[in-house]
Amino acid sequence: MTGNGGLAASAGRIDRPLVLVGLMGVGKSTIGRRLANALDRSFVDADEEIERAADRIVSEIFEAHGEAYFRDGERRVIARLMDEGHGVIATGGGAFVDDETRALVLEKGIAIWLDCDLETLVERTSRKNTRPLLKSGEPRAILQGLKEKRSPAYAQAQIRVVTDDGPHEATVNRILEELATWR
């Protein structure tokens, strides 16, 4: 990425994990990898770590044990990842809605809410059929309901960045700008 070296240097002074939160489809994993690269930090996707620990994919865990069981495991994995000192952590869409997980992230990390409009979410999530919460009805209505329900929790993040269909580098630069001025 060109042009963000000064921003990355300013943002690089932060010594806490950067935890990306937001609805499925906002780009937490894609943006997270690029942000970690810009800051020369490690990146980890919490859902991938959950799958590795459980030796099952997320949708199988949901199907076999339900959402409450999944969220409990998710909370433990995110706590471990933060304790391990990962630089950038992408979380699942519901992680930050959990009171305990949110409190942990806000205490030990910097939560960055990636937000976008409903149309973009619908388009992006239609690219994969691996989203367990979207299998029980009409995706647009489900996403709208999740957005309304979860936004108050996401709004507690220290930083909010709106993503769009522009280049991922533009979103990363907006995050770096926010981090450079974060105190």
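Rules of the game
Residues numbered from 1 in each chain as written. Predicted model: local features only at pLDDT ≥ 70, side-chain atom pairs only at ≥ 80, totals over all residues. Heavy atoms only, no water. Helix = DSSP H or I, 4+ residues; strand = E, 2+ residues; numbered from the N terminus. Expected span 1.5 Å × (residues − 1). Buried < 20%, exposed > 50% of the residue type's maximum accessible area, 1.4 Å probe, protein only. Salt bridge = Lys/Arg side-chain N within 4 Å of Asp/Glu carboxyl O. Axes fitted to C-alpha atoms, helices over the stretch in contact; angles between N-to-C directions. Parallel < 35°, antiparallel > 145°, perpendicular 65-115°, else oblique. Left-handed = near helix turned anticlockwise from the far one by under 90°. Contact = heavy atoms within 4.5 Å. Nonpolar A, V, L, I, M, F, W, Y, C, P; charged D, E, K, R; others polar. Phe/Tyr/Trp six-rings, centres within 6.5 Å; stacked < 30°, edge-to-face > 60°. Lys NZ or Arg CZ within 6 Å of the ring centre and 35° of its normal. Polar contact = N/O pair within 3.5 Å; in protein donor to acceptor, adjacent residues only side chain to side chain.

A. Examining helix H5 (residues 67-83) more closely. Under the 1.5 Å per step criterion, the end-to-end length of H5 is 24 Å for 17 residues, consistent within 8% with the ideal 24 Å. Among the residues of H5, Phe-70, Arg-71, Gly-73, Glu-74, Arg-75, Val-77, Ile-78, Leu-81 and Met-82 are the ones counted as buried.

B. Representation of the pattern of salt bridges within the structure. Here the structure, examined in full by the defined rule, presents 16 salt bridges. In this structure, Glu-74 engages Arg-71 in a salt bridge whose closest nitrogen and oxygen atoms are separated by 2.9 Å. In this pair, Glu-74 and Arg-71 both sit in helix H5, three residues apart, roughly one turn of the helix. Among the residues examined, Glu-74 registers a relative accessible area of 1% and is labelled buried. A relative accessible area of 11% places Arg-71 in the buried class. Among the ionic contacts, a cluster of salt bridges with common partners joins Asp-72, Arg-75, Arg-76, Asp-98 and Glu-100.

C. Fine view of the packing of helix H7 (residues 118-125) against helix H8 (residues 139-154). H8 packs onto H7 with a crossing angle of 125 degrees between their chain directions and a minimal axis gap of 10 Å. When the interaxial angle is binned, H7 and H8 end up oblique. For H7 against H8, the interelement crossing comes out right-handed. Contacts between H7 and H8 involve Leu-118, Glu-119, Leu-121, Val-122 and Thr-125 from the former and Arg-140, Leu-143, Gln-144 and Lys-147 from the latter. Along the lines of polarity and charge, the residues of the contact of H7 with H8 split into four nonpolar, two polar and three charged.

D. Here's a closer look at the packing of aromatic side chains. If you walk through the whole model with that rule in mind, you get two aromatic pairs. When the centroid spacing of 4.9 Å and the interplanar angle of 40 degrees are considered together, the rings of Phe-62 and Phe-70 count as tilted. For the pair formed by Phe-62 and Phe-70, the shared burial category is buried. An angle of 40 degrees between the planes, with centres 5.8 Å apart, marks the rings of Trp-113 and Tyr-154 as tilted. Taken together, the residues span a long stretch of sequence, with Trp-113 in strand S4 (residues 110-115) and Tyr-154 in helix H8 at a distance of 41 residues. When its relative accessible area of 1% is taken as the criterion, Tyr-154 is described as buried. Geometry around Trp-113 places Arg-160 over its ring, the cationic atom sitting 4.8 Å from the centre.

E. Main features of the side chain of Arg-75. As for its position among the elements, Arg-75 is in helix H5. Separated by 2.9 Å, the side chains of Arg-75 and Asp-98 make a polar contact.

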